[in-house]
Amino acid sequence: MAEILMFHHSLGLTEGLLALAERLRAGGHEVHCPDSYAGVTFTDIDEGVRHAQAIGHDALQEAAHMAARRHRGADVVMGFSLGTMQAQLLAQDRRRFRACLLAGGALPPAALGGVWRHEVALQVHVADPDEWVEQSEIDALLYHAPHARLHRYSGAGHLFMDTSTADYDADCADLFEDRTVAWLADIDEHQRSRMPA
């Protein structure tokens, strides 16, 4: 089973993300949900983005590194929208992370001051279309991670997987969750297959 760091989107650590974390825990995974907003949540994405800008990029990066230091057993990282930057940063910088899931965002590896590590399993999930996601940024990451899997969700809103947002789409959210659970199982199976008999 994986030990996961899950980074929230621009609305904060919502009840919907906490519920997702609980369902993953029920499947046997250990899930940690760092709160970069210290308990503050929003219902409007623009307001959440302004709050994140007030916190600052450097502070959000440091929050990611602090979470990694606090949870030293974590080996899988997941990020949603704003949190994809934090998740991708750790996947690139910390050798212990074996897998990374990005939902609603991605960055060129160089934008985070590093390179993508080819041994890291990667999935990217995005609404299609998504006004908050630049296709060029996804393409730049996938260029360096040709083994990655890209999933698109036609007609869904940006935060379709979060039950507590206006973007929530039950069918797309269920599909996202099924794919995530299967991906985590594949990661575990791959790790077991590499262990000596």
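This one's a predicted model, so the numbers in the text were calculated from it and none came from an experiment. (Residues numbered from 1 in each chain as written. Predicted model: local features only at pLDDT ≥ 70, side-chain atom pairs only at ≥ 80, totals over all residues. Heavy atoms only, no water.)

In terms of burial, strand 4 (residues 99-103) is largely enclosed, as 5 of its 5 residues are buried. Of the two faces of strand 4, the one holding Ala99, Leu101 and Ala103 and the one holding Cys100 and Leu102 are both buried throughout. Across 5 bridges, the pairing between strand 3 (residues 76-80) and strand 4 is parallel. By the bridge assignment for strand 4, Gly79 is matched with Leu102. With respect to chirality, the unit in which strand 3 leads through helix 4 (residues 82-93) into the neighbouring parallel strand 4 is right-handed. By the bridge criterion, 5 bridges tie strand 4 to strand 5 (residues 121-128) in an arrangement that is parallel. Looking at strand 5, one finds that Leu102 is bridged to Val124. (Buried < 20%, exposed > 50% of the residue type's maximum accessible area, 1.4 Å probe, protein only. Helix = DSSP H or I, 4+ residues; strand = E, 2+ residues; numbered from the N terminus. Pairing = 2+ DSSP bridges. Right-handed = clockwise from strand over helix to strand, strands pointing away.)

Tracing the sequence through the fold places Met6 in strand 1 (residues 3-7). Classification of Met6 by relative accessible area gives buried; the value is 1%. Taking the C-alpha atoms as reference points, Met6 and Gly83, 77 residues apart in sequence, are found 8.0 Å from one another. Beyond its immediate chain neighbours, meaning those up to four positions away, Met6 contacts Leu17, Leu20, Ala21, Leu24, Val31, His32, Cys33, Pro34, Met78 and Phe80. (Contact = heavy atoms within 4.5 Å.)

One pass over the full model with this rule turns up 4 aromatic pairs. Seen in terms of ring centroids, Tyr37 and Phe42 are 6.0 Å apart; in terms of plane orientation they differ by 85°. Their pairing is edge-to-face. Taken as a pair, Tyr37 and Phe42 share a single burial class, namely buried. Ring geometry for Phe80 versus Phe176: centroids 6.0 Å apart, planes at 70°, classification edge-to-face. With Phe80 in strand 3 and Phe176 in helix 6 (residues 170-194), the pair connects residues that are 96 residues apart, well separated along the chain. As far as the burial class goes, Phe80 and Phe176 line up, both buried. The structure contains a cluster of three or more aromatic residues connected by ring pairs, namely Phe80, Tyr153, Phe160 and Phe176. (Phe/Tyr/Trp six-rings, centres within 6.5 Å; stacked < 30°, edge-to-face > 60°.)

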